[in-house]
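# Topology and contacts: notes
Below, each chain spelled out in residue letters.
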Amino acid sequence: MTKPSTGQAVSFHIEDGIGFLTIDQPPVNAISLAVIAALGPALDAFEASDARGLVVQAAGRTFVAGGDITMFDDPAFTPAPLNALLDRIEASNRPVVAALHGTTLGGGLEIAMACHHRIADPATRLGLPEITLGLIPGSLGTQRLPRLVGLEKAAGMILGGKPISAGDAQSIGLIDAIAEDPSAAAIAAIDTLTGTEPRRTRVQVIPDLDRAEAILAPLRDVAASTPWHPAKAAAIEALSTGATDGYDAGEATETRLFLDLVKTPASRAQRHIFFAERAARRISDLPGDTPLRRVETIGILGAGTMGAGIAMAFANAGFTVTLVDANPEALDRGLTRISQDYERLAARGRLSADDADRITARISGAESIAALADVDMVVEAVFEDMDLKCRVAAELGAICKPGAILATNTSTLDVDRIAQASGRPEAVIGTHFFSPAQIMRLLEVVRARDTAPDVLATVMSVASRIRKTAVVTGVCYGFIGNRMAEVYMRESEAMQMESATPGQIDGVIEDPAWLGMAMGPSRMLDMAGVDVGARTVIEWIASGDGPQDPAYRALCRAMFDSGAHGQKTGHGYYRYEGRTALPNDDTHALAAQLARQHGITSRDHDAQEIFERLLYPMVNEAALILDEGIAQRASDIDVVWTAGYGFPAWRGGPLFMADEIGADAIVAAMHRHGATLGNADGRWTPAPLLSRLAREGGRFSDL
Ligand code: NAI
């Protein structure tokens, strides 16, 4: 449903004796300072009119989808003006009905809850997602929601942050009715409600008030165990105060806590990531009106781990997929894995059986590359072997229809060379998916030297259709993410050869007091496969372009030779009993032996050193990546790490964290480590960009 624009942020008009207040702030009617300023005069006009009631609605494709979060950066910001306007809406003696459509989120739902009656179209989604930005609702969401739906459901919505459907909202009492045309239904509701006492949310009794403590106490315990998410405890405190001390006390607590949270590093980091993900979609030298190629049918070449996952990612979004593998058994394995995966999802109730069948039916298999002659886009995911990738690119170049996009899913190979081999380099692009490709959010889109602008624009749009967070990267070893992961792994292994244990290193970096990575470097490589990582390192060194230090990642290379390939072999950096990682004495002994061989002396590592040696080289590598133009902007690098590598969003990514620490402190630490550890391959030499930031007191976020 789309409603016509009025051209004003908020307007008021009367039609057939009923007032209409229309919010119109494209694209999503976010509450901005302009909307707040214009709401007052619109309410004045209603209050001065003789309209029988008021319909609160929004123009365009959605009701208010949230607050304009840039206004929170202003130190003078306070929710008070909007709260006062909501109080005026609620205080009206004439019926006020919210007519909702699209996404009614955050401040949008708070406006709706101040109205006396709420009607939504069937596709509306409603929620209070502030927690995902490290905040709590700031305009009475923590007070009005429990009075409408009860504390238990309100706590679930506020702490979970996930929107609910109109149907669910009606069943819990958040909205009163569902109608195809909510504005028309609102007019009818006003006629019914006229003359009755307006139902003001603030005076409703919380339905499950008698169980308040039983509901909130366990949630308080959970929140206490995650102190790095202060918004959780704050939400519970605001709910609790409103329940025990009443609405006005609840409002005061909510406002105080909201304003405290806005300043926390966690919320600033999460807001940074929110904007960073949106900024990543923009490509500076690509005009916004670059035409897009039509992409409906997808060919995937290689039905292995990645090919099968990529096929699912496309099929989930409605694309028709042809999956090709030259090896009939591999094709069969891939197709079986796909159908089993959907059966499992259906069995767990994550998907209806019909949907599972419908999605599975979108994927068909073929053994010959000729089956890809007519598809709009091919994603090649054959073995990571340059000769093979080039041969396959040439075949695709020869058989695919004109205009087809040829994407290569390589983790490390030179996409420019693959593009040349295809005979139509302008059609070639890299799509670096992460495993499991149907689940992981990140997609690195590799822009090769000759990639045509419309190919790049189309792949970015396809990425958003398959719900990936896409980041553009130039061609280099490891692109953005794996290139930075390389120096992270390097230091982890160097410390192990100096006698630190994987558990000690992972423990520091997984500890939210230090960083809070989902997995430390050793745990991550054990999961991804030590063999996969080692092979890349071995080839990189053999190519002559890699590091020359003989001790460089000697540990993973030796583990590769000894068959300690990680979880898949039951032993890697750790020894596995089921999924449980235990210390692996063999790997410790191997590290000690390599240390003797390379003359590395044993030393103690405190948590500060472990933290610095893992994070700072990544920051330094990121500075090189920016200087070389591999990444478009610093915030893209933060998105790569938070969307693809388990870097916590509440830390804002490596460069947001670097800005918090200060480039000067990082450079000083790098010099210190270089002096203590030696500077093989220049690893502790600060990148020119990082040095400049240190000298000038600059920040990555200001580049
Ligand atoms: P895989 O070994 O599981 O699958 C490769 C498949 O390609 C096999 O089924 C093989 O039969 C097929 N194949 C080989 N030559 C072929 C040809 N000429 N025509 C058709 N099919 C052919 O490999 P995986 O792990 O799926 O990797 C594929 C690509 O994705 C590699 O380039 C890899 O570097 C990249 N990648 C892998 C990630 C991972 O975590 N496994 C992550 C990101 C990228």
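Residues numbered from 1 in each chain as written. Predicted model: local features only at pLDDT ≥ 70, side-chain atom pairs only at ≥ 80, totals over all residues.

### Let's talk about the site of the ligand
- With respect to spatial proximity, 26 residues lie near the ligand, and among them Gly302, Gly304, Met306, Glu384 and Ser435 are the closest.
- Of all the secondary-structure elements, those providing two or more residues to the shell around the ligand are α12 (305-316), α15 (386-399) and β15 (428-433).
- Within the shell around the ligand, the residues separate by chemical class into 14 nonpolar, ten polar and two charged. (Near = placed C-beta within 6 Å. Helix = DSSP H or I, 4+ residues; strand = E, 2+ residues; numbered from the N terminus. Nonpolar A, V, L, I, M, F, W, Y, C, P; charged D, E, K, R; others polar.)

### Quick look at the sheet that holds strand β3 (residues 54-58)
- What the six strands build is an open sheet, ordered β1-β2-β3-β4-β6-β9; its pairing is mixed. A single partner strand is all that each edge strand has here, and the edge strands are β1 (10-15) and β9 (177-178).
- Pairing of strand β2 (residues 18-23) with β3, which is carried by five bridges, proceeds in the parallel orientation. Opposite Thr22, over in β3, you have Gln57 as the bridge partner. (Pairing = 2+ DSSP bridges.)

### A closer look at the nonpolar core
- Grouped together as the largest cluster of nonpolar side chains are 139 residues, with contacts concentrated most on Ala311 and Val378.
- Element by element, the count of residues in this core is highest for helix α24 (residues 607-627), at eleven residues.
- Composition of this core by domain shows at least three residues from each of domain 2 (297-473) and domain 3 (481-629 + 633-702).
- Setting aside residues no more than four positions away along its own chain, Val378 makes contact with Gly299, Leu301, Leu372, Leu396, Cys400, Ala404, Leu406 and Ala407.
- Formed by 85 residues, the second largest nonpolar core is a distinct cluster that contains Leu39, Leu43, Leu82 and Leu128. (Core = buried A, V, L, I, M, F, W, Y, C linked by C-beta atoms within 7 Å. Buried ≥ 20, exposed ≤ 12 C-beta atoms within 10 Å, placed from the backbone. Domains from an automatic or database assignment. Contact = placed C-beta atoms within 7 Å.)

### With respect to the packing of helix α9 (residues 230-245) against helix α10 (residues 247-262)
- Packing of α9 against α10 leaves a shortest axis separation of 7 Å and a crossing angle of 165°. Put simply, α9 runs roughly antiparallel to α10. For the element pair α9 and α10, the recorded crossing hand is right-handed. Contacts between α9 and α10 involve Pro230, Ala231, Ala234, Glu237, Ala238, Thr241, Gly242 and Asp245 from the first element and Tyr247, Ala249, Gly250, Thr253, Glu254, Leu257 and Leu261 from the second.
- Here the contact of α9 with α10 is composed, by residue class, of eight nonpolar, four polar and three charged. (Axes fitted to C-alpha atoms, helices over the stretch in contact; angles between N-to-C directions. Parallel < 35°, antiparallel > 145°, perpendicular 65-115°, else oblique. Left-handed = near helix turned anticlockwise from the far one by under 90°.)

### Concerning the environment of Gly430
- Within the secondary structure, Gly430 sits in strand β15.
- Residues in contact with Gly430, not counting those within four places in the same chain, are Ala407, Thr408, Thr410, Val415, Val445, Val446 and Ala448.

### Let's talk about the UniProt feature "domain: 3-hydroxyacyl-CoA dehydrogenase C-terminal" (unreviewed entry) in the protein
- The UniProt entry lists residues 478-576 and 611-697 under the feature "domain: 3-hydroxyacyl-CoA dehydrogenase C-terminal" (unreviewed entry), expressed in the numbering used here.
- What you have in residues 478-576 is 57% helix and 3% strand, and the ends, taken at the C-alpha atoms, are 28 Å apart.
- Segment residues 611-697 splits into 69% helix and 0% strand. End C-alpha atoms: 22 Å apart. (UniProt positions renumbered as here; feature names shortened; annotations may be inferred.)

### Topic: unusual backbone geometry
- Note the cis peptide between Pro26 and Pro27, where omega equals 0°.
- Here Pro27 lies in the loop between β2 and α1 (33-48).
- A cis geometry characterises the amide bond from Ser435 onward to Pro436, with omega recorded as -5°.
- Notably, Phe479 is not glycine yet its phi reads approximately 55°, a positive angle.
- In this structure, Phe479 sits in the loop between β17 (469-473) and α18 (481-497).

### A short note on the sheet that holds strand β12 (residues 363-366)
- Read from one edge to the other, the open sheet built from eight strands follows the order β12-β11-β10-β13-β14-β15-β16-β17, with strand pairing classed as mixed. For this open sheet the edge positions go to β12 and β17, each flanked by a neighbour on one side alone. With direction set aside, neighbouring strand axes in the sheet form an average angle of 25°.
- For strand β14 (residues 405-408) and β15, the ladder comprises three bridges, and the chain directions are parallel. Paired with Ala407 across the bridge in β15 is Ile429.

### Brief notes about the domain arrangement of the protein
- According to the domain assignment, the protein contains domain 1 (10-263), domain 2 (297-473) and domain 3 (481-629 + 633-702).
- Distance between the C-alpha centres of domain 2 and domain 3: 30 Å.
- Only β16 (442-446) and β17 provide two or more residues apiece to the side of domain 2 that touches domain 3.
- Residue classes in the side of domain 2 that touches domain 3 are distributed as four nonpolar, three polar and two charged.

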